[in-house]
Amino acid sequence: MATTSTTGSTLLQPLSNVVQLPIDQVNFVVCQLFALLAAIWFRTYLHSSKTSSFIRHVVATLLGLYLALFCFGWYALHFLVQSGISYCIMIIIGVENMHNPMMIITQKITSLAYEIHDGMFRKDEELTPSQRGLAVRRMPSLLEYLSYNCNFMGILAGPLCSYKDYITFIEGRSYHMTQAGEHGEEEIQYEKTEPSPNIAVIQKLLVCGLSLLFHLTISKTLPVEYNIDEHFQATASWPAKVIYLYVSLLAARPKYYFAWTLADAINNAAGFGFRGYDKNGAARWDLISNLRIQQIEMSTSFKMFLDNWNIQTALWLKRVCYERTSLSPTIQTFILSAIWHGVYPGYYLTFLTGVVMTLAARAMRNNFRHHFIEPPQLKLLYDVITWIATQIAVSYTVVPFVLLSIKPSFMFYSSWYYSLHSAGILVLLLLPVKKTQRGKNIHENIQLSRSKKFDERENSLGQNSFSTTNNVCNQNQEIASRHSSLKQ
């Protein structure tokens, strides 16, 4: 958020001076807090049971554009112009090739482009189960398209959601459950009582508060830049360097925890993000959650860390790149991720290093993990060692992402003698690498028949309908697929 509006900067400059944060960050936080209040109002007074989908679309879009205008000034018109141009392109060329330079908007436009392409230009048997579940069978209206891209709940920080999930929320069908008939030959829809998101929102706001407090106090005392300080490099022992590397990158994460968790809470407060009920009947509000903090900090593999960090972006990369390319999908996916993040050289160094780390970690895991499953004591020792190795490898990989520039990034890697790069390449040269088998799995034919029934019902209704049960199914399939493909 390098560009701020004159009005926003003028109004919030005193607050920026008090909290000692850049004005663009203060703008972001204030706008997100306003969005949180707007979300509560939206769910209370513009609930789908009280007003039409048209009104909900219009209000969500106008509030989103207002927040963008406040944060970015007239630069926010790029949101509207790019969305309008992209909509025209989708109609004219059939969404064959879509690319957009803006991060959240890029994700939404490319996701929707492929979802329309899958639903209108490809045969069902050519699609994976998740692609069939997310396929859009009719062209969205301009209002629906703008609402999806520019709604106030996600215009500043996301997270990404599928078009079907968003339309289901706007039209008030998030709580329509699907149940198989007595003989499994038919499906019956019924509406379950709408759960309250209040507890989930409060819990996420508490996480936000703790993350922000940590960022404003501890994070500033442990700068990542100190890893390349000449005095530190010359005097610190190797154990001290390793420990500070881990601690400094640990201290850099709470700002992401704050932003992503607040964005999730805003969507939940509006009633969006309901994923169904667990086995105990408790409501789950993690449909579009972007991270799992406990799993991140306790990760015992590079894959486990990536599976729980920026989850919706990982799903986007899988859907638009990994599943759709046949040549070196892992490498292409990491390159796309670097391009999507921006032009700083540090991004490219991080993601190219990530390719080596991911492939090496996959090879190590496939060759050694099965030897340490039993007894429990051996498994515990393996988990401790792999936790240490994972945290060091992740921290080593992402330093350029924080430093951004190429010179300090190479200074850091050279101070470590490119040790983990060398170790990763050595692992790939010496250990056999099991190739991942992508494509259709053994459940695809079963899912195909269900998908056809669903699509026939959807077409008869003349709208994009997607039940919560199917949503949960597709999310589980996405996670399972990621465990066996992108970050194995």
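All residue numbers refer to positions counted from 1 along the written sequence of the respective chain. For this predicted model, a pLDDT threshold of at least 70 governs which residues receive local features, and a threshold of 80 or more governs which side-chain atom pairs are given and counted, while totals over whole chains, interfaces and linings are taken from all residues. Working from all heavy atoms in the structure, the side-chain values ignore hydrogens and water.

1. Quick look at the overall build of the chain
Step number 1: Each helix and strand in the chain was counted, giving 22 helices and four strands.
Step number 2: The buried share of the chain, taken over its 488 residues, is 52%.
Step number 3: We call two residues in contact when some of their heavy atoms are within 4.5 Å. In the chain, 69% of the contacts between residues at least 6 apart in sequence involve partners at least 24 apart.
Step number 4: A 1.4 Å probe and the Shrake-Rupley method give the accessible areas. Residues count as covered only by the protein chains that appear here. Carbon and sulfur atoms make up 65% of the accessible area of the chain, which totals about 22900 Å². In this description a helix means any DSSP run of H or I spanning at least four residues, a strand means any run of E spanning at least two, and both kinds are numbered starting from the N terminus. To sort residues, take the accessible area from a 1.4 Å probe on protein chains only and compare it with the maximum for the residue type: under 20% means buried, over 50% means exposed, and anything in between is partly exposed.

2. Some thoughts on the packing of aromatic side chains
Step number 1: Within 6.5 Å between ring centres, the rings of Phe, Tyr and Trp (the latter by its six-membered ring) count as paired, and their orientation is classed by plane angle as stacked under 30 degrees, edge-to-face over 60, tilted in between. Under the counting rule described, the total for this entry stands at 33 aromatic pairs.
Step number 2: Aromatic side chains Phe-372 and Tyr-382 sit 5.2 Å apart centroid to centroid with 20° between the ring planes, which places their arrangement in the stacked category. With Phe-372 in the loop between α17 (345–368) and α18 (376–403) and Tyr-382 in helix α18, this residue pair connects regions lying ten residues apart in the sequence.
Step number 3: Consider the rings of Tyr-413 and Tyr-418, whose centres lie 6.2 Å apart with planes at 40°: the pair is tilted.
Step number 4: Judged by relative accessible area, which is 30%, Tyr-418 ranks as partly exposed.
Step number 5: The structure contains a cluster of three or more aromatic residues connected by ring pairs, namely Phe-42, Tyr-148, Phe-152, Tyr-163, Tyr-166, Phe-169 and Phe-272.
Step number 6: Whether a charge lies above a ring is judged from NZ of Lys or CZ of Arg, which has to be within 6 Å of the ring centre and within 35 degrees of the ring normal. The side chain of Arg-56 reaches across the aromatic face of Phe-169, ending 4.9 Å from its centre.

3. Quick notes on the nonpolar core
Step number 1: Counting residues in hydrophobic clusters, the biggest one holds 57 residues, and the most contacted among them are Phe-42, Phe-152, Tyr-166 and Phe-169.
Step number 2: Looking at this core element by element, the count peaks at eight residues for helix α3 (residues 53–72).
Step number 3: Setting aside residues no more than four positions away along its own chain, Phe-152 makes contact with Ala-35, Ala-38, Ala-39, Phe-42, Ala-60, Leu-63, Gly-64 and Leu-67.
Step number 4: Nine residue types can take part in a nonpolar core, namely buried Ala, Val, Leu, Ile, Met, Phe, Trp, Tyr and Cys, and a core is a set of them joined through side-chain atoms within 4.5 Å. Counting residues in hydrophobic clusters, the runner-up holds 18 residues, among them Tyr-257, Ile-296, Phe-351 and Ala-393.

4. Considering the UniProt feature "transmembrane region" (unreviewed entry) in the chain
Step number 1: UniProt positions are given in the numbering used here, feature names are shortened, and annotations may be inferred rather than shown by experiment. With numbering aligned to this structure, UniProt lists the feature "transmembrane region" (unreviewed entry) at residues 26–46, 58–81, 334–359, 380–403 and 415–433.
Step number 2: When the span residues 380–403 is considered, its composition is 100% helix and 0% strand, and the gap between its end C-alpha atoms is 35 Å.
Step number 3: Counted over residues 415–433, helix gives 68% and strand 0%. Its end C-alpha atoms are 30 Å apart.

5. Considering the pattern of salt bridges
Step number 1: Salt bridges, as used here, are contacts in which a Lys or Arg side-chain nitrogen is within 4 Å of a carboxyl oxygen on Asp or Glu. One pass over the structure, following the stated rule, counts 13 salt bridges.
Step number 2: We note a salt bridge from Glu-171 to Arg-173, for which the minimum N-O separation is 2.6 Å. Residue Glu-171 shares its accessibility class with Arg-173, and that shared class is buried.
Step number 3: Taking the shortest distance from any N to any O, the salt bridge between Asp-383 and Lys-379 comes out at 2.9 Å. Taken together, the residues span about one helical turn, with Asp-383 and Lys-379 both in helix α18 at a distance of four residues.

6. Some details on the side chain of Ser-248
Step number 1: Structurally, the position occupied by Ser-248 is in helix α11 (residues 238–252).
Step number 2: Among the residues examined, Ser-248 registers a relative accessible area of 1% and is labelled buried.
Step number 3: The residues contacting Ser-248, other than those within four sequence positions of it, are Leu-222, Pro-223, Val-224 and Asn-227.

7. Re the environment of Ala-259
Step number 1: Among the structural elements, Ala-259 can be located in helix α12 (residues 254–269).
Step number 2: Judged by relative accessible area, which is 16%, Ala-259 ranks as buried.

8. A word on the confidence of the model for the chain
Step number 1: Confidence in the prediction for the chain averages 81 pLDDT; 75% of positions are at 70 or higher.
Step number 2: For the stretch residues 1–7, pLDDT sits under 50, and the model shows 18 contacts to residues farther than four places along the chain or on other chains.
Step number 3: Between residues 439–488, whose pLDDT stays under 50, and residues either more than four places distant or in other chains, the model counts 120 contacts. For every residue, the pLDDT score states the predictor's confidence, bounded by 0 at the bottom and 100 at the top.

9. Observations regarding a nonpolar patch on the surface
Step number 1: Residues enter patches when they are more than 30% accessible in relative terms and free of salt bridges; like-charged ones are connected within 9 Å and nonpolar ones (Val, Leu, Ile, Met, Phe, Trp, Tyr) within 5 Å. Residues Ile-331, Ile-335, Ile-339 and Leu-352 make up a contiguous nonpolar surface patch of about 320 Å² in total accessible area.
Step number 2: Element by element, the count of residues in the nonpolar patch is highest for helix α16 (residues 329–341), at three residues.
Step number 3: Looking at the secondary structure, you find Leu-352 in helix α17.

10. Observations regarding unusual backbone geometry
Step number 1: Geometrically, the link from Gly-158 to Pro-159 is a cis peptide bond, its omega value of 0° lying close to zero.
Step number 2: Relative to the elements of secondary structure, Pro-159 occurs in the loop between α7 (142–150) and α8 (163–170).
Step number 3: Each neighbour pair has its own omega, and for Glu-374 with Pro-375 the value is -5°, a cis peptide bond.
Step number 4: Take Pro-375: it is sitting in the loop between α17 and α18.

11. A closer look at helix α19 (residues 406–415)
Step number 1: Taken together, the buried positions of α19 are Pro-408, Ser-409, Phe-412, Tyr-413 and Ser-415. Projected onto a plane normal to the axis of α19, the buried residues spread over an arc of 165° and lie on a single side.
Step number 2: Buried residues along α19 sit against α10 (230–235), α11, α17, α18 and α20 (419–430).
Step number 3: Looking one or two residues past α19, Tyr-417 carries a phi angle of roughly 60°, positive in sign. What the arc describes is the spread of directions from the helix axis to the C-beta atoms.

12. Things to note about the packing of α16 against α17
Step number 1: Helix axes use the C-alpha atoms of the stretch in contact, all axes being lines fitted to C-alpha atoms, and the angles between their N-to-C directions lie in the range 0 to 180 degrees. Interaxial distance between α16 and α17 falls to 9 Å at its minimum, and their mutual angle equals 155°. In terms of axis orientation, α16 runs roughly antiparallel to α17. As for the relative orientation of α16 and α17, their crossing is right-handed in sense. The segment α16 lies against α17, with Thr-330, Ile-331, Phe-334, Ile-335, Ser-337, Ala-338, Ile-339 and His-341 engaging Tyr-347, Tyr-348, Phe-351, Leu-352, Gly-354, Val-355, Thr-358, Leu-359 and Arg-362.
Step number 2: Under the scheme applied, nonpolar residues are Ala, Val, Leu, Ile, Met, Phe, Trp, Tyr, Cys and Pro; charged residues are Asp, Glu, Lys and Arg; polar residues are all the others, including Gly. Classifying every residue of the contact of α16 with α17 gives eleven nonpolar, five polar and one charged. Note on angle classes: values under 35 degrees are labelled roughly parallel, values over 145 roughly antiparallel, values of 65 to 115 roughly perpendicular, and the remainder oblique. Left-handed describes a crossing whose near helix is turned anticlockwise from the far helix through less than a right angle; right-handed describes the clockwise counterpart.

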